[in-house]
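Survey of secondary and tertiary structure
As a plain string of letters, each chain reads:
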Amino acid sequence: MSIASAAARTPRAPQVPLVSLDYLWFQVAGTVCNLRCTHCFISCAPDNHSFWFLDLPTVLDYLERSRAWGVKEYYFTGGEPFMNKELLPMLEATLAVGPASVLTNATLLPERTVRRLAEIEAGSRYSLELRVSLDGPSPETNDPIRGEGTFERAMEGVGRLVEHGFLPIITAAQVWCPHEDEAVLDRFYASCRKVRYERPRIKILPSIHLGREVLRSRGYDDSEIVTAEMMEGHDLTTLLCSSGRVVTNRGVYVCPILIDDEGANLGDSLEAADRPFEIDRSACYTCWLHGAICTNTGHLGGEA
Ligand code: SF4
Ligand code: SF4
């Protein structure tokens, strides 16, 4: 077979350009987390130090540089962001520049922290969103995945946030059968009402079959890839890599889903990371199928 005919038969993986840098993520806690959830797709844990904390000067530097890019929203993730002792000053500095969202397991939210979050938000013209991850509407469904006592602790955190005027987005990985969605949502609403969260916002997320989730459920199979044909007419904006990048202590990666993939490390600056990315990873298939996994919009359950 000639080289030319072999090339013609090899399907080219689609490239996704960075259309605009609307979302800048900070992996502020690296892969360090106080929990060890059985479905964590980047296998975070107290002893996973593959990625380390970002420090305040680094975040301030990227915030300053991000102004020229017209970033619309900043996201803080980990690991567990509240394990980073500098998170509150980071948020205060961010809210002087634009809206911010924190993805948290809500188990490290004592009264003094939530009070300070509320003060920071009140002093800003931009909004501060908290996204709280849970994996079931009760201790019986959540705790086998997140750890004993985590449901109660997280709901206490949610209650404190609500008391201080926040409307946290509850995000849940769909670890149940899709036909149970409605019943599970009803139970989430009921649990939220117990902590006086009357009209909860709930976002159901698909499982990403990487990291520990491979052991809990399954890995991807060979058919789960995105081809050029699949991208014809597909709305690029549903893929975070067209509008965002994530800053880690090891460089700027294409998205928060692929930080365990060194090929997704695009360099040491926003400028270096401004290049197309070949979406040939199996996790990209989940993005293609479901879209808007990472941002605050999409897949939100209706308010009860
Ligand atoms: S899923 Fe979230 S809370 Fe659980 S181990 Fe991973 S980073 Fe921590
Ligand atoms: S995992 Fe999703 S956001 Fe990340 S590069 Fe693939 S398609 Fe883009």
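Our subject is the structure listed above.
In this text, all values refer to a predicted model and were calculated from it rather than measured experimentally.

Reading the values: the criteria
Along each chain, residue indices are assigned from 1 in the same order as the chain's sequence is written. A letter from A marks each chain and a number from 1 marks each ligand, given out in the order of writing. With the structure being a predicted model, the display of local features is reserved for residues of pLDDT at least 70 and the display and counting of side-chain atom pairs for 80 or more, all residues being used for whole-chain, interface and lining totals. Where side-chain values are given, they derive from all heavy atoms of the structure, hydrogens and water being excluded. Working definition: rings of Phe, Tyr and Trp (its six-membered ring) pair if their centres are within 6.5 Å, and the pair is stacked with planes under 30 degrees apart, edge-to-face with planes over 60 apart, and tilted otherwise. The secondary structure listing takes helices from DSSP runs of H or I that are at least 4 residues long and strands from runs of E that are at least 2 residues long, numbered from the N terminus. When accessible area is computed with a 1.4 Å probe and restricted to protein chains, residues below 20% of their type maximum are described as buried, those above 50% as exposed, and intermediate ones as partly exposed. Any two residues whose heavy atoms approach within 4.5 Å at even a single point are treated as in contact. A molecule or strand has a residue near it when one of that residue's heavy atoms lies within 4 Å. Amino acid classes used here: Ala, Val, Leu, Ile, Met, Phe, Trp, Tyr, Cys and Pro are nonpolar; Asp, Glu, Lys and Arg are charged; the rest, including Gly, are polar. Criterion used throughout: strands pair if DSSP finds at least two bridges between them. A crossover counts as right-handed when, viewed with the strands pointing away from the observer, the path leading from the first strand over the helix to the second turns clockwise. Contacts described as polar in this section are N or O atom pairs within 3.5 Å, which, within protein, must combine one atom able to donate a hydrogen with one able to accept it, while residues neighboring in sequence count only if both atoms come from side chains.

Now for the packing of aromatic side chains. For the structure on display, the rule yields seven aromatic pairs. Ring geometry for Phe26 versus Tyr74: centroids 6.5 Å apart, planes at 10°, classification stacked. Here Tyr74 lies in strand β3 (residues 73–77) and Phe26 lies in strand β2 (residues 23–27), a separation of 48 residues in the sequence. A centroid spacing of 5.5 Å and a plane angle of 75° characterise the contact between Phe51 and Tyr253, whose relative ring orientation is edge-to-face. Of this pair, Phe51 sits in the loop between β2 and α2 (56–66) while Tyr253 sits in strand β9 (residues 251–253), and the two are 202 residues apart along the sequence. For the pair formed by Phe51 and Tyr253, the shared burial category is buried. The structure contains a cluster of three or more aromatic residues connected by ring pairs, namely Tyr23, Trp25 and Tyr75.

Quick look at the side chain of Ser138 now. Here Ser138 is to be found in the loop between β5 (128–134) and α5 (139–146). Residue class for Ser138 comes out buried when judged on its relative accessible area of 8%. Non-local contacts of Ser138, meaning those with residues more than four positions away in its chain, are made with Asp143, Phe151 and Arg187.

To continue, consider the site of ligand 1. Residues in contact with ligand 1, as listed here, are Cys33, Leu35, Cys37, His39, Cys40, Cys44, Gly79, Asn105, Arg146 and Arg212. Per-class residue counts for the shell around ligand 1 are five nonpolar, three polar and two charged.

It is worth spelling out unusual backbone geometry at this point. With omega at 15°, the peptide bond leading from Gly78 into Gly79 counts as cis. Phi is positive for Ser43, which is not a glycine, with a value near 55°. By the secondary structure assignment, Ser43 is in the loop between β2 and α2. Phi angles above zero are rare outside glycine, and Arg196 is one such case at about 65°. Residue Arg196 is classed as exposed on the basis of its relative accessible area of 54%.

Where burial is concerned, most of strand β4 (residues 100–104) is hidden: five out of the five residues are buried. With five bridges joining them, β4 and β5 adopt parallel strand pairing. Counted as the bridge partner of Val102 is Leu130 from β5. Crossover handedness for the path β4 to helix α4 (residues 111–122) to β5: right-handed.

The next subject is the side chain of Glu224. Residue placement: Glu224 occurs in the loop between α8 (213–216) and α9 (228–231). We classify Glu224 as buried; its relative accessible area is 10%. Separated by 3.1 Å, the side chains of Glu224 and Arg218 make a polar contact. In contact with Glu224, other than residues within four places in its own chain, are Arg218, Gly219, Ser282 and Tyr285.

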